Amino acid sequence: MAVQVVDRSLMTSDLTPHQAKSVGVGGWVVSFLPGRTLTTEQATAALQAAEAVAAVNALAGQVGLTAMETVGLATQESPWGEPECGGLRRFWRRGRLEH
C-alpha cells in the first residue's frame, strides 16, 4: 500500500484508481467523497481505506463473496465465543487488542 503525493496537488495509489486533489489552503477532495473538503491527513486516510477495500475485494473473491458481504459478515460477533490463547483471553475492544 502506497499513497503518493504528486507535486503537492494530487494523491494517488498503486492499489486503487481513486485519487485526491488539492483544492488549496490544505484542503483536499477525494474522488469517492465528492462535495467534502478534507485535511491532508483525512485525504490520506480515505485513500488508505480505498486501498484496504481493494485488498478485501481480492480476498473476498477467493471465497466467493463480495467485499461488502465479507465486511458485513466479518464485523458480526463470532458464534464460537472468544479464543483462549496461552491462558490469556485476547479480544478486540474499540479498535485495539486488549488482554
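Below is a short write-up of the structure. (Residues numbered from 1 in each chain as written. Predicted model: local features only at pLDDT ≥ 70, side-chain atom pairs only at ≥ 80, totals over all residues. Heavy atoms only, no water.)

**With respect to the environment of leucine 38**
Alright, step 1. Tracing the chain through its elements places leucine 38 in the loop between strand 4 (27–30) and helix 1 (40–62).
Alright, step 2. Apart from the residues within four sequence positions on either side, leucine 38 is in contact with Gly26, Gly27, Trp28, Val30, Leu33, Ala43 and Ala46. (Helix = DSSP H or I, 4+ residues; strand = E, 2+ residues; numbered from the N terminus. Contact = heavy atoms within 4.5 Å.)

**Side note on the environment of serine 22**
Alright, step 1. Inspection of the secondary structure puts serine 22 in strand 3 (residues 20–24).
Alright, step 2. You can call serine 22 partly exposed: its relative accessible area is 30%.
Alright, step 3. Ignoring any residue separated from it by four or fewer positions in sequence, one finds serine 22 in contact with Arg8, Ser9, Gly27 and Trp28.
Alright, step 4. Here the side chain of serine 22 touches glycine 24 through a polar contact of 3.3 Å, landing on its backbone nitrogen. (Buried < 20%, exposed > 50% of the residue type's maximum accessible area, 1.4 Å probe, protein only. Polar contact = N/O pair within 3.5 Å; in protein donor to acceptor, adjacent residues only side chain to side chain.)

**Observations regarding the pairing of strand 1 (residues 3–6)**
Alright, step 1. In the sheet, strand 1 pairs with strand 2 (residues 10–13) via four bridges, with the strands oriented antiparallel. Paired with valine 6 across the bridge in strand 2 is leucine 10.
Alright, step 2. Connecting strand 1 to the next strand, strand 2, in antiparallel fashion are three residues, including aspartate 7 with a positive phi near 50°. (Pairing = 2+ DSSP bridges.)

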